[in-house]
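Take a look at the letters that make up each chain.
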Amino acid sequence: MFRVVAASSTSPASTAFACQFPRFHPSRMRRTARLSSGRRPEAPASSSSSLEPGEAPGGPSPPAVRVFARKKKRSGEAVRAEQKQPKVEPLLSRKPSELPDIEEFAYKNPNGSAFPGHSKQNSNVIVQVNGVVSQVRPKGAPPSNWEKVLEGIRMMRSSEDAPVDSMGCEKAGSSLPPKERRFAVLVSSLLSSQTKDHVTHGKYSAVQRLLQNDVLTADAIDKADEESIRSLIYPVGFYTRKASNLKKIATICLAKYDGDIPSSLEELLQLPGIGPKMAHLVMNIAWDNVHGICVDTHVHRICNRLGWVSRPGRKKTSTPEETREALQLWLPKEEWVPINPLLVGFGQTICTPLRPRCDKCGVNELCPSAFKETMLKKKS
DNA sequence: GTCCAGTTCT
DNA sequence: AGAACAGGAC
């Protein structure tokens, strides 16, 4: 990434940009341009804390960064309204170590709030650093074309048949009373994680065996011995640990929640074997109470390939939890639940972890990673 | 042999 | 960050 942001142009394009981000008003741009063209005022030459790759310690001045923006029509009224926004602290009054990277720099509105709404107008600022043109997206701003991409994936998913479509913990215990149904959803999520879905669901599944043997309630599992639970859920992945966790969960649910499951994210996360992915899934499915996106490795991988998530200073997120937080910043809440089965199925059939089928993908023209991971790994 | 996939442990 | 957990698919 790059630290110093400056503009040397007062073209109409940059003026339009400045209207979006009032810190970039041309008058300000001229001042900040000086920042990049010479030494940074107050910058101790030995300070390497803010140096980025490509910058030599105490070396030449940081690269000049030219900022452009997509041209777009704006009514005079809208422009005037935005110009009335309160002034912000000039960059010059900041210490170099406090200079934000471009993501943070661009996304703050003068009033400090994140971007309002989810319109495309805030997406994809194009910057040039040392001759390399790249797109950056202000933190929390929706990626451009995300709606087209989502629609394109929906199209692919409507014709493809992914394993996630036929099975899923959504259906678990749908004929049971509410409390039993919720417990069944929790158990079903636990069993189906890290395993092939047909093993845990379907007519002769682990969940069905528990149900048919009357051990799909907290009370019954608490009374049953671990060995019989283990044999009933076999051969789901990690059945030994899951049987053990199931017993502990049943005991906790019985003691603390009257045989029901916890109704808050925090309490769900206290259960053994329940991490963030399943806690959000259970909140969404069992309680119909959406607190966050259920991010599994498919959602994590695909969102990064699409360039939908990042963390300041980096192009990608490194954990599903980071992905969840970054995604939640801009994805409209009505998509929080459907995004999981959508991307899981897409990830099982087309956007696979290894050698994704970019040639079969209907959104490859909108994907920054298309055809970039098709090479075979070299043996070392 | 390698991959899958979420959590916990190191 | 990487291993361990299970066992099936390829």
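Residues numbered from 1 in each chain as written. Chains lettered and ligands numbered in written order. Predicted model: local features only at pLDDT ≥ 70, side-chain atom pairs only at ≥ 80, totals over all residues. Heavy atoms only, no water.

**What about the protein's contact with DNA strand C?**
Put simply, the rule is: Whether a residue is near a molecule or strand depends on its heavy atoms: if one lies within 4 Å, it is near. Think of a polar contact as two N or O atoms within 3.5 Å of one another; within protein, one of them needs to be a possible hydrogen donor and the other a possible acceptor, and neighboring residues in sequence only count if both atoms come from side chains. When residues are sorted by character, Ala, Val, Leu, Ile, Met, Phe, Trp, Tyr, Cys and Pro go into the nonpolar class, Asp, Glu, Lys and Arg into the charged class, and all the rest, Gly among them, into the polar class.
Around DNA strand C sit Tyr234, Phe238, Tyr239, Thr240 and Arg241, and that is every residue in its neighbourhood. A share of 38% is what sugar and phosphate atoms reach among the atoms of DNA strand C within 4 Å of the protein. Contact between DNA strand C and Phe238: a sugar or linking oxygen at 3.3 Å from a main-chain N or O atom of the residue. One of the side-chain nitrogen or oxygen atoms of Thr240 is found 3.3 Å away from a phosphate oxygen of DNA strand C. Across the surface near DNA strand C, the residue classes tally to three nonpolar, one polar and one charged.

**A few points about unusual backbone geometry**
The test is simple: For helices the rule is a DSSP run of H or I covering at least 4 residues; for strands it is a run of E covering at least 2, with both sets numbered from the N terminus onward. Throughout, exposure labels follow a simple rule: accessible area from a 1.4 Å probe, protein chains only, divided by the maximum for the residue type, with under 20% read as buried, over 50% as exposed, and the rest as partly exposed.
Following Tyr234, the chain continues to Pro235 via a peptide bond in cis, the omega torsion being 10°. Residue placement: Pro235 occurs in the loop between helix H11 (226-233) and helix H12 (239-257). A positive phi is found at Asp258, a non-glycine position, where the angle reads about 60°. By the secondary structure assignment, Asp258 is in the loop between H12 and helix H13 (265-270). Here Asp258 falls in the exposed class, since its relative accessible area comes to 60%. The backbone phi angle of Asp288 is positive, close to 50°, even though this residue is not glycine. Judged by relative accessible area, Asp288 falls into the exposed class, the value being 65%.

**Considering the nonpolar core**
Our working rule: In this description, a nonpolar core means a group of buried Ala, Val, Leu, Ile, Met, Phe, Trp, Tyr and Cys residues linked to one another through side-chain atoms lying within 4.5 Å. Two residues form a contact once any of their heavy atoms are found within 4.5 Å.
Ranked by size, the top nonpolar core spans 39 residues in total, and within it Phe183, Val187, Leu191, Leu210, Ile221 and Ile274 carry the most contacts. When contributions to this core are tallied by element, the ones reaching two or more residues are helix H7 (178-192), helix H9 (206-212), helix H10 (218-223), H11, H12, H13 and helix H14 (276-285). Examining the composition of this core, we find that seven residues originate from one element, H7, more than from any other. If sequence neighbours within four positions are ignored, Val187 has contacts with Leu210, Leu216, Ile221 and Leu246. Of all hydrophobic cores here, the second largest spans 28 residues; its members include Val295, Ile302, Leu327 and Ile339.

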